[in-house]
Amino acid sequence: MNVFGVTGWKNAGKTGLMERLVAEITARGFTVSTVKHAHHAFDVDQKGRDSYRHRAAGAHEVMLASGKRVAQMTELRETPEPKLAELLARLSQVDLVLIEGYKREAHPKIEAFRQEAGHALIAPGDASIRAVAADVALELDRPVFDLDDTGAIADFILREVGLLVRPAPEATGLRPPPLKNDCFALPPGVNWTPVDEALAELKERLRVVVGQEELPLADAAGRVLAEDLVAKRSNPPLPNTAVDGYGFSGGVPEGEAQFPLIDGRAAAGIPYQGRVPEGAAIRVLTGAALPDGVDTVVLEEDCAIGPDQIAFHGPIKQGANTRKAGEDVAEGEVALPKGRVLTPADLALASAIGFGQLNVFQPLRVGVLSTGDELVEPGEPAGPGQIFDANRPMLLSAIARFGYEAVDLGRVKDDRDGLRAQLDAAAERVDVILTSGGASAGDEDHVSALLRESGALAEWRIALKPGRPLALGVWNGVPVFGLPGNPVAAFVCTLIFARPSCSKMAGAGWVEPQGFDLPAAFNKRKKPGRREFLRARMRNGRAEVFKSEGSGRVSGLSWAEGLVELGDEGREIEEGDLVRFYPYGGFGL
Ligand code: AMP
Ligand code: MG
């Protein structure tokens, strides 16, 4: 059992110190018993009580018990006083026994000392005294505490008996920094990379990594054009009519007009073969090529129509209700630029200007790998210390939404060889690898360690909340984004860094998120020196933010419909101030 004594002369403050120590140490969660050596005539019993009468009658031991406490009195009579060791053996097991008195026993002790009591210190002649608790400053070869500094004295005693392994600050020389309690604070001495700098570097360094292929037009939506699309033909190819009506030559002044009708008509795809004489009109239908001799059309709804002629009110300007050849796109014009992510409308345009096949980039294959001993597959049985892999389903679906081929690379333990093998295999199958977890500089941060080994690492600590560690490397020629493990940080880093990077590698060029300014529905004091993204959504035209900024709060990501971006500078945001809001759609989701 752990034993420590409080010793000292009379009036040195022993009992007060004992009392404070018992209170302090039990308050820290330890169990404490005490032993006190007393004057030989002490008695806890009282004359006339039942227990007293039992004793007086000659009982060897008297045990007194109630629902609250139990007392056991042993009458020594002629037997000698038991040794301290024997007494200790009678106590039930506790973390610490504090002993008051027993000056001459060899157990370790602290000496209580009060100047005004007028005694000399015992400590100098007694090696069992490990420290002194005094009400004055003393020069001694042992630690001296202020008699009232109970916390420090308790620390000392607990440390001496092995109940406190935390070393005394003075023993290590290690001085802690002021407490910030902000895991996103930027500690001095680390080279923090501002978000814009990291983005500029990625933009500058990354190259297109995918090959090209020809695809039928109908299969090309979502793909990236690999070359400028130069119109093979004008749209429209010929001048034509925009309405159903009657075509003739020249404009018509204000007032009533009559035109004789000629036989025949022009319809879309069925042109009129002859020439319409000057002063005559011909029936024309929407989309029909204008016959020779026709440059102006009047709507049929504006005409009175007889068997051989039409009448209507001017004025009608020359060229009215017609479309000029190439007015939409002229032959030879670049209709769509290389790098364009093809939309359904683009396919209409490509078709209109003569394309049946398109030269596009092959889809970027983006592998997603989770790392961590603690991870289990969603829905599988999980032990108490395990967590479900939340990042992989999130990142795989985000990649698919960005328009890339998402490749599930599974999970890997925090094991360097396993991770190495997984990266080797992945580099054969994909163009980019996104990992999550193990990206900072800890013992189990094997992603950053391996990328560092591979030599091509930019181990960025980004001045970003949430985010921070982002390990970038190249593994067997394949770029790797080592994202943070926290789902919120992994998601934000994916939107901010991985998405534009993938876009560049896929041939679509760097993309900026699309957002707009909204009045804040919140108050916040933001620290300078780092960018912050808050989970947010728009309600009643204002930006609301999630109630917690905790990076593990997956529910907040799901609650949110976008992110509020707060710039690198410090800022005091009050309700109604404008903040930049990016809906998730502005990140291509
Ligand atoms: P790490 O970056 O590996 O230190 O992980 C940071 C935190 O994110 C830890 O609490 C991890 O348990 C958690 N974490 C890592 N990977 C995942 C994941 N795939 N899904 C959910 N939480 C994760
Ligand atoms: Mg981990």
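Here the structure is a predicted model, which is why all the values come from computation and not from measurement.

### Details of the sheet that holds strand β17 (residues 304-305)
Strands sit in the order β16-β13-β15-β14-β18-β17 across an open sheet of six strands; the sheet is mixed. Edge positions in the open sheet fall to β16 (296-299) and β17, since each of these has one partner strand only.

### Brief notes about helix α9 (residues 416-429)
Over its 14 residues, α9 runs 20 Å from end to end, which matches the ideal 20 Å to within 8%, given 1.5 Å per residue. If you check which residues of α9 are buried, you get L419, L423, A426 and A427. Along α9, the residues classed as buried sweep out an arc of 100 degrees about the axis, all on the same side. In this structure, α9 carries D417 and E428 as exposed residues pointing more than 90 degrees from its buried face. On the buried face of α9, the contacting elements are β22 (365-371), β25 (405-412), β26 (432-436), α10 (446-454), β29 (469-475) and β30 (478-483).

### Let's talk about the sheet that holds strand β5 (residues 96-100)
A sheet is described by the order of its strands in space; here six strands give the open sequence β2-β5-β1-β6-β7-β8, paired in parallel fashion. Edge strands, defined here as strands with exactly one partner in the open sheet, are β2 (32-36) and β8 (144-146). Direction aside, the axes of adjacent strands within the sheet are offset by 25 degrees on average. Sheet topology places strand β1 (residues 3-7) next to strand β6 (residues 109-113); three bridges connect them, and they run parallel. Bridging across to β6, V6 finds its partner in I110. Helix-sheet contacts for helix α1 (residues 14-27) involve β1, β2, β5, β6 and β7 (129-134), and the interaxial angle to β5 is about 170 degrees. Contacts from helix α4 (residues 150-161) reach β1, β5, β6, β7 and β8 within the one sheet, and its direction differs from that of β1 by about 140 degrees.

### Quick look at the nonpolar core
The biggest cluster of nonpolar side chains holds 49 residues, and the ones touching the most others in it are L364, F481 and F497. Of all the secondary structure elements, the ones that give two or more residues to this core are α6 (195-205), β22, α8 (391-402), β26, β27 (458-462), β29, β30 and α11 (487-505). Ignoring sequence-local partners within four residues, the contact set of L364 consists of V209, V210, Y404, E405, D431, V432, C502, M505 and A506.

### Quick look at the packing of α9 against α10
One can describe the packing of α9 onto α10 by two numbers: an axis separation of 10 Å at closest approach and a directional angle of 65 degrees. For the element pair α9 and α10, the recorded crossing hand is right-handed. Across the interface between the two elements, R416, L419, R420 and L423 from α9 touch H446, V447, A449, L450 and E453 from α10. A class-by-class count of the residues in the contact of α9 with α10 yields five nonpolar, one polar and three charged.

### Section: the packing of α6 against α11
The N-to-C vectors of α6 and α11 enclose an angle of 15 degrees; their axes lie 10 Å apart at closest approach. Our classification of the angle between α6 and α11 gives roughly parallel. Crossing of α6 over α11 shows right-handed handedness. Mapping the contact onto sequence places V195, A198, L199, L202, K203 and E204 in α6 and I496, F497, S501 and K504 in α11. Residues belonging to the contact of α6 with α11 are distributed by class as follows: six nonpolar, one polar and three charged.

### Notes on the site of ligand 1
The environment of ligand 1 is formed by 14 residues, the closest being E374, D389, A390, G438 and G485. A distance of 2.8 Å separates an oxygen atom of ligand 1 from a polar backbone atom of G438. In the environment of ligand 1, an oxygen atom lies 3.1 Å from a nitrogen or oxygen atom belonging to the backbone of G485. Protein contact buries 74% of the 480 Å² of open area that ligand 1 shows by itself. In this structure the site holding ligand 1 corresponds to the second largest pocket. For the shell around ligand 1, the secondary structure elements donating two or more residues are β22 and β24 (387-388). Among the residues making up the shell around ligand 1, the classes are represented as five nonpolar, seven polar and two charged.

### Focus: empty space enclosed by the protein
Using the criterion set out here, one finds two cavities of 30 Å³ or more in the structure. Taken as a whole, the largest cavity encloses approximately 110 Å³ of empty space. K465, P466, V488, E532, F533, L534, R535, V545, F546, S548 and E549 are the residues that line the largest cavity. For the lining of the largest cavity, the element with the highest residue contribution is strand β33 (residues 531-539), accounting for four residues. For the lining of the largest cavity, the per-class residue count stands at six nonpolar, one polar and four charged. Split by residue class, the lining of the second largest cavity holds six nonpolar, one polar and three charged.

### A short note on the environment of S51
Of note, S51 is situated in helix α2 (residues 50-56). As a C-alpha pair, S51 and G251 span 200 residues in sequence and 132 Å in three-dimensional space.

### Looking at the packing of aromatic side chains
Tallying each qualifying case throughout the model produces 10 aromatic pairs. Measuring from ring centre to ring centre gives 5.6 Å for F491 and Y584, while their planes differ by 90 degrees; the resulting arrangement is edge-to-face. Of the two residues, F491 is situated in helix α11 and Y584 in the segment after β37 (578-583); the sequence distance between them amounts to 93 residues. Taking the relative accessible area as the measure of exposure, Y584 reaches 14% and is therefore buried. Residues Y582 and F587 carry aromatic rings whose centres are separated by 5.5 Å and whose planes lie at 50 degrees to one another, so their mutual orientation is tilted. Like F587, Y582 is buried. Chaining the aromatic ring pairs together yields one cluster made of F4, F145 and F156. K232 extends its terminal NZ or CZ atom over the ring of F355, reaching a point 4.5 Å from the ring centre.

Each value, and the rule that gives it
- Along every chain, residues carry numbers that run from 1 in the direction the sequence is written.
- Chain A is the first chain written and ligand 1 is the first ligand written, with later ones labelled in order.
- Only residues with pLDDT of at least 70 are given local features in this predicted model, and only at 80 or more are side-chain atom pairs given and counted; all residues enter the totals for whole chains, interfaces and linings.
- Here the side-chain values reflect all heavy atoms present in the structure, with hydrogen atoms and water set aside.
- The criterion for strand pairing is that DSSP finds at least two bridges linking the strands in question.
- A helix here means a DSSP run of H or I that spans at least four residues, while a strand means a run of E at least two residues long, and both kinds are numbered starting from the N terminus.
- Expected span, for any helix, means 1.5 Å times one less than how many residues it has.
- Only protein chains enter the calculation, and the probe is 1.4 Å; a residue is then buried if its accessible area is under 20% of its type maximum, exposed if over 50%, and partly exposed in between.
- Summarising the geometry, the arc corresponds to the directions from the helix axis toward the C-beta atoms.
- By definition in these notes, contact holds between two residues if any of their heavy atoms fall within 4.5 Å.
- Here, axes are lines fitted to C-alpha atoms. For helices the fit covers the stretch in contact, and angles between N-to-C directions go from 0 to 180 degrees.
- Within this scheme, the nonpolar core is defined by two criteria: the residues are buried Ala, Val, Leu, Ile, Met, Phe, Trp, Tyr or Cys, and they are joined through side-chain atoms within 4.5 Å.
- Working rule for handedness: look at the near helix, and if it is turned counterclockwise from the far one by less than a right angle, call the crossing left-handed; if clockwise, right-handed.
- Charged residues are taken to be Asp, Glu, Lys and Arg, nonpolar residues to be Ala, Val, Leu, Ile, Met, Phe, Trp, Tyr, Cys and Pro, and polar residues to be all remaining types, Gly included.
- Oblique is the label for any angle not covered by the other classes, which are roughly parallel (under 35 degrees), roughly antiparallel (over 145) and roughly perpendicular (65 to 115).
- The near set for a molecule or strand comprises every residue that places at least one heavy atom within 4 Å of it.
- For the purposes of these results, a polar contact is taken to be a pair of N or O atoms within 3.5 Å, where, inside protein, one atom must be able to donate a hydrogen and its partner to accept one; residues adjacent in sequence count only when each atom of the pair is a side-chain atom.
- Per-residue accessibility takes into account occlusion by the displayed protein chains alone, with areas from the Shrake-Rupley method and a 1.4 Å probe.
- A pocket here means an open set of points on a 1 Å grid, computed over the protein atoms alone, that has protein on both sides within 12 Å along at least five of seven lines. A cavity is instead a set of points where a 1.4 Å probe fits but cannot get out; residues with an atom within 4 Å of a point line either one.
- By definition, a pocket or cavity contains a molecule when more than half of the molecule's atoms lie within 2 Å of the pocket's grid points.
- Grid points are joined across faces, edges and corners, and a volume is the space filled by probe spheres set on the points.
- For Phe, Tyr and Trp, where Trp contributes only its six-membered ring, two rings pair if their centres lie within 6.5 Å, and the inter-plane angle classes them as stacked under 30 degrees, edge-to-face over 60, or tilted in between.
- Only Lys NZ and Arg CZ are tested; either one counts as a charge over a ring when it is within 6 Å of the ring centre and within 35 degrees of the ring normal.

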